[in-house]
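Observations on the three-dimensional arrangement
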Amino acid sequence: MVTFPEPGDSFYTFKNISVDEYIRDTPVEILLKRKVSRVEFVPKDTLPEDIGTIRIIADGIYNTLNMYTGITELSTVPFDKTYQLSKAAESTSPKQSHGFFTFVPQADQNKINQVNLNTYNDMNEIIRLREIHQIPIYENQITRYTTTLYHPAISDGDFQIDLEIDEDWEEDIENEITD
C-alpha cells in the first residue's frame, strides 16, 4: 500500500517484465492509466477585489493505493485546503477552478459524501458558504461544479445541477448550482 498525503494527477500500471542479455535493447511498451478522479469548482461570478481565500473541506478523500493490484483502499482522510485568490490570475484565464484529486474505490463506494466551500474576504470574514453532498467520482473523470462562489447567496434554498462532458478526459460530470 502507498499512501499519499494529498493525491495529485496519478497514473498506474503493473506489468512483469523479463530482462535478459538478449533483449536488453528491445523497447518495452508500458501503458499507464489515470487512477484518480478530480473534483472541481468553477465560479460563475467574477472575483471581487475584497475576496482573499477559498477553503475546501471534504469529509474524506481516498489517498491509499495498493501498488500491486491498483485497488484503492476504502479508508478515507479529511481534506482541508485553503487557496489564495488573485484578481490578477483571474484576468489571465477564463475562470480559476478550485479542486482536488482523489483515488477511486470500487463502484459502490465511488462518491465523496460532503464538501464544504467557504469563501472569505480580506478580513477573513465568511462571504459565501456552500455544502455539496454525494459527489460522484470515477477514474479518469472530472466532476465539475459551476456555481456562484464569491458573492453572498440570494436564494430561496433551491439549486439546479447541470452536467457537461469535458472531452479532454474520458468523461466529466458538470454541475451548476444556482442561487
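For the structure itself, consult the block above.
Structure report, in brief. What you see is a predicted model, and the numbers here were worked out from it, not measured in a lab.

Position of Leu 32 among the secondary structure elements: in the loop between strand 2 (11-12) and strand 3 (33-34). For the pair Leu 32 and Phe 14, spaced 18 residues apart in sequence, the C-alpha separation works out to 8.7 Å.

This brings us to the nonpolar core. Core analysis: the biggest nonpolar cluster contains 29 residues, and Phe 41, Ile 56, Phe 100, Ile 112, Val 115 and Ile 135 have the highest contact counts within it. Of all the elements in the fold, those that place two or more residues in this core are strand 4 (36-43), strand 5 (51-61), strand 7 (77-84), strand 8 (98-103), strand 9 (111-121) and strand 10 (126-136). Per-element accounting of this core gives the leading share, five residues, to strand 5. Beyond its immediate chain neighbours, meaning those up to four positions away, Ile 135 contacts Val 39, Phe 41, Asn 110, Lys 111, Ile 112, Val 115, Thr 143 and Tyr 145.

Before going further, it helps to examine the sheet that holds strand 8. In spatial order, the strands read 8-4-11-12; together these four strands make up an open sheet with mixed pairing. Looking at the sheet topology across the chains shown, the edges are occupied by strand 8 and strand 12 (173-177). Between one strand axis and the next, the sheet turns by 15° as a mean value, whatever way the strands run. Bridge count for strand 11 (residues 142-147) against strand 12 is five bridges, and the pairing is parallel. Bridging from a neighbouring strand, Thr 143 pairs with Ile 173 of strand 12.

Okay, the sheet that holds strand 9 next. Strand-to-strand pairing in sheets goes through backbone hydrogen bonds, with the strands running parallel or antiparallel. In space, the four strands of this open sheet follow the order 7-5-9-10, with antiparallel pairing throughout. Of all strands in the sheet, those with a lone pairing partner are strand 7 and strand 10, marking the two edges. Direction aside, the axes of adjacent strands within the sheet are offset by 15° on average. Bridge count for strand 9 against strand 10 is nine bridges, and the pairing is antiparallel.

Let us look at the pairing of strand 5. Most of strand 5 sits inside the fold, with eight of its 11 residues counted as buried. Relative to strand 7, strand 5 runs antiparallel, the two being bridged by seven bridges. Note on strand 7: the bridge partner recorded for Arg 55 is Thr 82.

Along the polypeptide, Thr 64 turns up in strand 6 (residues 64-65). Look at Thr 64 and you get buried, because its relative accessible area is 8%. There is a polar contact of 3.0 Å between the side chain of Thr 64 and the side chain of Thr 3. At 3.3 Å, the side chain of Thr 64 forms a polar contact with the side chain of Asn 63.

Calculation criteria
- Residues numbered from 1 in each chain as written.
- Predicted model: local features only at pLDDT ≥ 70, side-chain atom pairs only at ≥ 80, totals over all residues.
- Heavy atoms only, no water.
- Helix = DSSP H or I, 4+ residues; strand = E, 2+ residues; numbered from the N terminus.
- Core = buried A, V, L, I, M, F, W, Y, C linked by side-chain atoms within 4.5 Å.
- Buried < 20%, exposed > 50% of the residue type's maximum accessible area, 1.4 Å probe, protein only.
- Contact = heavy atoms within 4.5 Å.
- Pairing = 2+ DSSP bridges.
- Axes fitted to C-alpha atoms, helices over the stretch in contact; angles between N-to-C directions.
- Polar contact = N/O pair within 3.5 Å; in protein donor to acceptor, adjacent residues only side chain to side chain.

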